[in-house]
Amino acid sequence: MTYAAFLVQFLVVPIVILGVLVYRDRRRPTALTHGLLSPPLALAALAVIAVVYTTLWDNHLVATGIWRYDPALVMGITLGWVPLEEYLFFILQPLLTGLGFLLLARRISTTASFRPDSDSRIVSALVVSIVWLTSVALLLVGWKPGRYLSLELAWALPPIALQLA
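Description of the structure in this document. Keep in mind the model is a prediction, meaning the values are calculated, not measured. (Residues numbered from 1 in each chain as written. Predicted model: local features only at pLDDT ≥ 70, side-chain atom pairs only at ≥ 80, totals over all residues. Heavy atoms only, no water.)

## Thoughts on the packing of helix 4 (residues 118-141) against helix 5 (residues 147-164)
To be explicit about the condition: What counts as an axis is a line fitted to C-alpha atoms, over the stretch in contact for a helix, and the angles between N-to-C directions run from 0 to 180 degrees. Strands here mean DSSP runs of E at least two residues long; helices mean DSSP runs of H or I at least four residues long; both are numbered from the N terminus. These descriptions rest on fixed angle ranges, namely under 35 degrees for roughly parallel, over 145 for roughly antiparallel, 65 to 115 for roughly perpendicular, and the rest for oblique. Crossing handedness is read from the near helix: turned anticlockwise from the far helix by less than a right angle, it gives a left-handed crossing, and turned clockwise, a right-handed one. Contacts are assigned to residue pairs with any non-hydrogen atoms lying within 4.5 Å of each other. Following the grouping adopted for this structure description, the nonpolar residues are Ala, Val, Leu, Ile, Met, Phe, Trp, Tyr, Cys and Pro, the charged ones are Asp, Glu, Lys and Arg, and the polar ones are all others, Gly among them.
Viewed as axis vectors pointing N to C, helix 4 and helix 5 meet at an angle of 155°, and their least axial separation amounts to 8 Å. With respect to their mutual orientation, helix 4 and helix 5 come out roughly antiparallel. Helix 4 and helix 5 meet at a crossing whose hand is left-handed. Seen from helix 4, the contacting residues are Arg-121, Ser-124, Ala-125, Val-128, Ser-129, Val-131, Trp-132, Ser-135, Val-136, Leu-138 and Leu-139; seen from helix 5, they are Arg-147, Ser-150, Leu-151, Leu-153, Ala-154, Leu-157, Pro-158, Ile-160, Ala-161 and Leu-164. Each residue belonging to the contact of helix 4 with helix 5 can be placed in one class, and the counts come to 15 nonpolar, four polar and two charged.

Below is the structure:
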């Protein structure tokens, strides 16, 4: 299966379905979808953040040979080291997740509220930060068996720690 076919089958089709359902549901009230940005602007912002945050990391992984894209399965248009389809993935994946959230947000009761106490948030953020520091240290010492995992953790954990905090 080509990367473009994968994107259409597993992202574009579900995005269209969820988009129609969210659009039909737009008048259903919910407290979860009211915030600083309208849902379309929030989805666009998430896509921009995903592209910006992921571009350098993904290009580094391909440039250093950690992973590659089969030329027979991509269109051949690359930006840096990464094929166009991967950039489309950076945009489509947050849209799929965001639309799924919007659909569920209108169906979740807002009467019950879960807010972890500040101690649990701080402890959680510290634990994630320690794992992040460990992964960065493993990268710096050049431990080859853990290189890929360390790169993944070094990239993924900062926004998770930020959200936990």
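## With respect to the nonpolar core
As a reminder, the rule being used: Remark: nonpolar core denotes a set of buried residues (Ala, Val, Leu, Ile, Met, Phe, Trp, Tyr, Cys) joined through side-chain atoms within 4.5 Å. Partly exposed residues are those whose accessible area sits between 20% and 50% of the maximum for their type, while under 20% is buried and over 50% is exposed, using a 1.4 Å probe and protein chains only.
By size, the foremost hydrophobic cluster in this structure holds 18 residues, and its most contacted members are Leu-11, Ile-15, Tyr-69 and Leu-99. Listed by contribution, the elements that provide at least two residues to this core are helix 1 (3-24), helix 2 (39-63) and helix 3 (84-105). Ranked by residue count, the leading element in this core is helix 3, at seven residues. When near neighbours in sequence (up to four residues on either side) are disregarded, Leu-99 contacts Ile-15, Leu-18, Gly-19, Val-22 and Leu-43.

No statement about biological role is implied by the geometric values presented.
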